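Okay, here's what each chain looks like letter by letter:
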Amino acid sequence: MNPILEPRPAISPIPASLWAGALSQLLSYDETGCPHAARRAADMLDRLAASPAVDGELRNLCERAAQRLDLNGNGGGHVRHL
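Remember, it's a predicted structure, so these values are computed and weren't measured experimentally.

J.: I'd like to hear about the overall build of the protein, residue by residue, with values.
T.: Helix and strand content of the protein: three helices and zero strands. Along its sequence from the N terminus, the protein presents helices and strands in the succession α-α-α. Looking at the protein residue by residue over its 82 residues, the buried ones come to 26%. Nonlocal contacts in the protein, meaning residues at least 24 apart in sequence, comprise 55% of its contacts between residues at least 6 apart. Only carbon and sulfur atoms are counted for the fraction: they give 58% of the accessible area of the protein, which is about 6100 Å².

Okay, structure coming up:
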């Protein structure tokens, strides 16, 4: 059997609203330093990283970002940029 010609199982696409939500919360955290926004962004990034529709490199980036946001459970060591 030729693996190139075999049909692949359908992988459900990631909703655009999850990407938009993660980015929105990440920006909110960057602008305000709000630990709740950091936690929400980390949760969404974890969900994105867990999706089989995400490739390895993007999964790694989502995991790294989520970990950075979730350091010590307080949103990491955020420094506001003025």
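J.: Residues and numbers for the packing of helix α1 (residues 16-32) against helix α2 (residues 35-50), please.
T.: Contact geometry for α1 and α2: axes closest at 8 Å, N-to-C directions at 150°. For the element pair α1 / α2, the angle class is roughly antiparallel. As α1 packs across α2, the resulting crossing turns out to be left-handed. Taking contact as the criterion, the partners of L18, W19, G21, A22, Q25, L26, S28 and Y29 in α1 are, on α2, A37, A38, R40, A41, M44, L45, R47 and L48. Tallied by class, residues from the contact of α1 with α2 come to 11 nonpolar, three polar and two charged.

Conventions and cut-offs
Residues numbered from 1 in each chain as written. Predicted model: local features only at pLDDT ≥ 70, side-chain atom pairs only at ≥ 80, totals over all residues. Heavy atoms only, no water. Helix = DSSP H or I, 4+ residues; strand = E, 2+ residues; numbered from the N terminus. Buried < 20%, exposed > 50% of the residue type's maximum accessible area, 1.4 Å probe, protein only. Contact = heavy atoms within 4.5 Å. Areas by Shrake-Rupley, 256 points an atom, 1.4 Å probe, with all protein chains shown as cover. Axes fitted to C-alpha atoms, helices over the stretch in contact; angles between N-to-C directions. Parallel < 35°, antiparallel > 145°, perpendicular 65-115°, else oblique. Left-handed = near helix turned anticlockwise from the far one by under 90°. Nonpolar A, V, L, I, M, F, W, Y, C, P; charged D, E, K, R; others polar.

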